[in-house]
Amino acid sequence: MTGTAEQMKGRAGRLARLMPSGPSTAARTPFVLLVVLLLAGGLISLLLLNSALNEGSFRLSKLKRQTTELTDEQQALQRDVDSYSEPDALERRARELGMVPGGSPAFLDPDGTVRGVPERATAQPDPTPTPTPTPAPAPAPEPEPGTNAGGSAGPAAPSGSATPSPSVSPATPATTPTTPPPTSSGR
C-alpha cells in the first residue's frame, strides 16, 4: 500500500487531500488558550457571584433578626402605652397629680347663651384606699403671743421655730386625697 490518499477514490480522496496530513499545533494553540481563559474567567466570576450572594444572605439574616427584635420591642412599648391609656390607669394617675373629676359641663351657643348649669369640680374621697399608710402630718407649733397666724405682726419668731402653714383654699385640690389638707388656727 502506497498511501492512504491514493487508496481512496472519488470524493473522499479529494477531501483527504484538502486536509493537512501532518499534526499542526500552531493553528490550535490560540483556540485552546481562548477556551481556557473563558473557562477560568467563568469560574472566577462564579466564585465572586457566590461570595456576594453569601454576604447578602448573611446580611439579610442579620437584618431579619434585627427586625424581629425591634418588632418585639415595639410590641412591648405598645403594651405599655395601652396599659397607661386605660381609663382606670388614667384616673389613678390623675388623682396622684391632685386632679379631680369635672362636674357637669356647660356649653356656649353661637348666640352667647349658656346651655347647662356649670358647677365647680370638688375633690371626692378616693374610692380605693392605698395599701401603704401615709404618715400623719406633724402638728404645727402654736404661735407665740402677740403674733397673728401669718406671723407678720408683733415680735419676730425665734430662729429655730417654723411658721405655721397657710390655709388651703377650697378651690385648690389636695395632692393626696386620702389625707385632709392642713388647716391653720388663724381663720
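For the structure itself, consult the block above.
Residues numbered from 1 in each chain as written. Predicted model: local features only at pLDDT ≥ 70, side-chain atom pairs only at ≥ 80, totals over all residues. Heavy atoms only, no water.

Chemist: Account for a nonpolar patch on the surface, naming residues and giving values.
Modeler: Residues Phe31, Val32, Val35, Val36 and Leu39 make up a contiguous nonpolar surface patch of about 470 Å² in total accessible area. If you trace the backbone, leucine 39 turns up in helix H3 (residues 29-84). (Patch = residues over 30% accessible without salt bridge, like charges linked within 9 Å, V, L, I, M, F, W, Y side chains within 5 Å. Areas by Shrake-Rupley, 256 points an atom, 1.4 Å probe, with all protein chains shown as cover. Salt bridge = Lys/Arg side-chain N within 4 Å of Asp/Glu carboxyl O. Helix = DSSP H or I, 4+ residues; strand = E, 2+ residues; numbered from the N terminus.)

Chemist: Explain the environment of aspartate 111 residue by residue, including any values.
Modeler: Mapping aspartate 111 onto the fold places it in the loop between strand S1 (107-108) and strand S2 (114-115). Side-chain polar atoms of aspartate 111 contact the side chain of threonine 113, separated by 2.9 Å. (Polar contact = N/O pair within 3.5 Å; in protein donor to acceptor, adjacent residues only side chain to side chain.)

Chemist: If you had to explain the pattern of salt bridges to someone new, which residues and values would you point to?
Modeler: Under the definition given, this model contains two salt bridges. With its nearest N and O atoms 3.4 Å apart, the salt bridge here joins aspartate 109 to arginine 115.

Chemist: Which residues make up the packing of aromatic side chains, and what values go with them?
Modeler: For any pair of aromatic rings, geometry is given as the distance between the ring centres together with the angle between the planes. Counting across every chain of the model gives zero aromatic pairs. It is arginine 93 that lies over the ring of tyrosine 84; its NZ or CZ is 5.7 Å from the centre. (Phe/Tyr/Trp six-rings, centres within 6.5 Å; stacked < 30°, edge-to-face > 60°. Lys NZ or Arg CZ within 6 Å of the ring centre and 35° of its normal.)

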